[in-house]
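Architecture and fold: a report
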Amino acid sequence: MTNIGVTELGYLGIGIRDLDAWRFYASEILGMEWGDSNGELSLRMDYWHHRILIEQSDEDDVLFAGYRVAGPEEFRMMQHHLEECGVPFKVASPAESEKRCVLEFLRLSDPAGLSIEIFHGPLVDRHKPYRPGRGMHGRFVTGSGGLGHIVIRDGGVEETYRFYRQVLGMRGTVEVRFEMGGVRREPIFMHCCERDHTIGFGVGPLPKRIHHLMVEVDNLDDVGLAYDLARRNGVPVLMAPGRHANDSMFSFYMQTPSGWFCEYGYGGAPPNHQSEYNLVGDIWGHEMVATSYTGEVGRETPG
Ligand SMILES: [Fe+2]
């Protein structure tokens, strides 16, 4: 098995319909920094120029996920590897890369049709300290763990596993096994850095390409504050605070203005380098507040 692989989820592109609602949500609930330079909308979470790129779109869904490789040699090796795997890709032009604020990137698709970007050399604005959209007790945990994790719609669990394992070089497997409504679910969580998982999939049918984005903070009180602010401002909560068994994350889940969810967490553990699984999913809490995991009636799948 090859050692070539991505090293972190560096950025996400999202298409959103209601810019005003998102501006309030991202700044005042999540504590992200809203960026607007020459009409290019983005969200910052640290020194990086952006962690989330925003396009106005009726899709209200994730548009692309940007995964990092270390540098130019790894970027060339990845291209060679993609050719060997027979995976079609397109290297972006220098002008496109400059617009994306990376040195180089290429595009391909995952088995569900999600647009994937592999890049190196993000623009890091160290002269511009991170300025949270609202007061924070601490800061976002990014660094070598990337911006967080995403749980995504899969294009068949086995095919999706093969893609993220063999093509992108992530590792992982089933971490929880459960049955609900007579249907057995075995979601897979995969890592590529010190974060327990960078992606999760296999949670059942999803109405959007993304189920949730998890962002982590380094102070427990910021999770409590986000929870208070969500409740105070009428943000729908999907799952009450609790602690996951696989990544030890103390978190809660709330709906974004686009209908998909944000997990806001603290205290995540690094990945297990040898596989293990459990039958419950949580150490405690994470009680489902909405009617179902997808926020839709009749699609009950915890995770
Ligand atoms: Fe999560």
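Residues numbered from 1 in each chain as written. Predicted model: local features only at pLDDT ≥ 70, side-chain atom pairs only at ≥ 80, totals over all residues. Heavy atoms only, no water.

**Some details on the overall build of the protein chain**
Quick note on the threshold: Per the convention used, a helix needs a DSSP run of H or I reaching at least four residues, while a strand needs a run of E reaching at least two, with both numbered from the N terminus. Atoms considered for the radius of gyration are the C-alpha atoms alone. The globule rule reads 2.2 Å times the number of residues to the power 0.38. When accessible area is computed with a 1.4 Å probe and restricted to protein chains, residues below 20% of their type maximum are described as buried, those above 50% as exposed, and intermediate ones as partly exposed. Any pair of residues with heavy atoms lying within 4.5 Å of one another is described as a contacting pair. Under this rule, positive means Lys or Arg and negative means Asp or Glu; His and the chain ends count for nothing. For the purpose of locating charges, the reference atoms are NZ of Lys, CZ of Arg, CG of Asp and CD of Glu.
In terms of regular secondary structure, the protein chain is built from five helices and 19 strands. The C-alpha atoms of the protein chain give 18 Å as radius of gyration, which agrees with the globular expectation for 303 residues (19 Å, within 12%). Summarising its shape, the C-alpha atoms of the protein chain cover approximately 45 × 45 × 35 Å along the three principal directions. Burial statistics for the protein chain: of 303 residues in total, 52% are counted as buried. Within the protein chain, counting contacts between residues at least 6 apart in sequence, those at least 24 apart form 69% of the total. In the protein chain, 29 side chains carry a positive charge and 43 a negative one; their mean positions are 1 Å apart.

**What about the nonpolar core?**
Test applied: To qualify as a nonpolar core, a set must consist of buried Ala, Val, Leu, Ile, Met, Phe, Trp, Tyr and Cys residues joined through side-chain atoms within 4.5 Å. Domain start and stop positions are those given by an automatic or database domain assignment.
Core analysis: the biggest nonpolar cluster contains 65 residues, and Tyr67, Ile150, Tyr164, Met254 and Tyr264 have the highest contact counts within it. In terms of domain composition, this core takes at least three residues from each of domain 1 (8–122) and domain 2 (143–285). Of all hydrophobic cores here, the second largest spans nine residues; its members include Leu53, Ala92, Val102 and Phe119.

**Brief notes about helix H2 (residues 72–85)**
Here is the rule: Given the number of residues in a helix, its expected span is that number minus one, multiplied by 1.5 Å. Each C-beta atom gives one direction from the helix axis, and the arc is the one those directions make.
Given a rise of 1.5 Å per residue, 14 residues ought to cover 20 Å, and the 20 Å separating the end C-alpha atoms of H2 matches this to within 8%. Within H2, burial applies to Phe75, Met78, Gln79, His81 and Leu82. Buried residues in H2, looked at end-on, bunch into an arc of 165 degrees, giving them a common side. Pointing more than 90 degrees away from the buried face of H2 are the exposed residues Glu73, Glu83 and Glu84.

**Thoughts on the sheet that holds strand E18 (residues 261–266)**
How we decide: At least two bridges found by DSSP between two strands are what make those strands a pair. In this analysis an axis means a line fitted to C-alpha atoms, helices contributing only their contacting stretch, and an angle means the value between N-to-C directions, from 0 to 180 degrees.
The nine strands lie next to each other as E10-E13-E14-E9-E15-E18-E17-E16-E19, forming an open sheet whose pairing is mixed. Each edge of the open sheet is held by one strand with a lone partner, namely strand E10 (171–174) and strand E19 (282–285). Each adjacent strand pair in this sheet contributes to an overall mean axis angle of 20 degrees, direction not counted. Sheet analysis places E10 next to strand E13 (residues 188–191), joined by four bridges and oriented antiparallel.

**Details of the domain arrangement of the protein chain**
Let me state the cut-off plainly: Joining two parts hides part of their accessible area as seen by a 1.4 Å probe, and the buried area is that hidden amount summed over both. Only one rule defines a salt bridge in this text: a Lys or Arg side-chain nitrogen within 4 Å of an Asp or Glu carboxyl oxygen.
Partitioning the protein chain into domains gives domain 1 (8–122) and domain 2 (143–285). Domain 1 and domain 2 are separated by 20 Å when their C-alpha centres are compared. Contacts between the two partners involve 39 residues from domain 1, matched on the other side by 42 residues from domain 2. Where domain 1 abuts domain 2, roughly 3100 Å² becomes buried across the two surfaces, and 68% of that area is made up of carbon and sulfur atoms. The tally of links from domain 1 across to domain 2 stands at two salt bridges. With a closest N to O distance of 2.5 Å, Glu59 and Arg209 form a salt bridge.

**Structural notes on the packing of aromatic side chains**
Keep this limit in mind: For Phe, Tyr and Trp, rings pair up if their centres lie within 6.5 Å, where Trp contributes its six-membered ring, and each pair is then called stacked (planes under 30 degrees apart), edge-to-face (over 60) or tilted (otherwise). Look at NZ for Lys and CZ for Arg. If either is within 6 Å of the ring centre and within 35 degrees of the ring normal, a charge sits over the ring.
The full count for this structure, using the stated rule, is twelve aromatic pairs. Measuring from centroid to centroid gives 6.2 Å for Tyr130 and Phe140, while their planes differ by 70 degrees, and the two rings are edge-to-face. On the criterion of sequence distance, the pair formed by Tyr130 in the loop between strand E8 (115–122) and strand E9 (149–152) and Phe140 in the loop between E8 and E9 is long-range, its members being ten residues apart. Accessibility assignment for this pair places Tyr130 and Phe140 in one class, buried. By the ring-pair criterion, three or more aromatic residues cluster together here, those being Tyr130, Phe140, Tyr227, Phe252 and Tyr264. Against the face of Tyr277 rests Arg177, its NZ or CZ located 5.2 Å from the ring centre.

**With respect to the pairing of strand E7 (residues 102–109)**
In this sheet, E7 lies alongside strand E6 (residues 90–91) in antiparallel orientation, the contact comprising two bridges. Its bridge partner lying in E7, Val91 is registered against Leu106. Two elements, E7 and E8, share seven bridges in a ladder whose sense is antiparallel. Considered in E8, the bridge of Leu106 is made with Ile118. Counting the residues between successive antiparallel strands, the hairpin from E7 to E8 contains five residues, one of them, Gly113, with a positive phi of roughly 90 degrees.

**With respect to unusual backbone geometry**
Although it is not a glycine, Asp60 sits at a positive phi angle of roughly 50 degrees. Assignment of secondary structure puts Asp60 in the loop between strand E4 (52–56) and strand E5 (61–68). Note on Asp60: relative accessible area 8%, which makes it buried. Even without glycine at this site, Ser248 takes up a positive phi of about 60 degrees.

**Description of the pattern of salt bridges**
With the rule as written, the count across this model stands at 17 salt bridges. A salt bridge links Arg51 to Glu8; the nearest nitrogen and oxygen atoms lie 3.7 Å apart. Of the two residues, Arg51 is situated in the loop between strand E3 (40–44) and E4 and Glu8 in strand E1 (residues 8–16); the sequence distance between them amounts to 43 residues. One exposure class covers both Arg51 and Glu8, and it is buried. Notably, a salt bridge pairs Arg184 with Glu186, separated by 3.0 Å at the nearest N-O pair.

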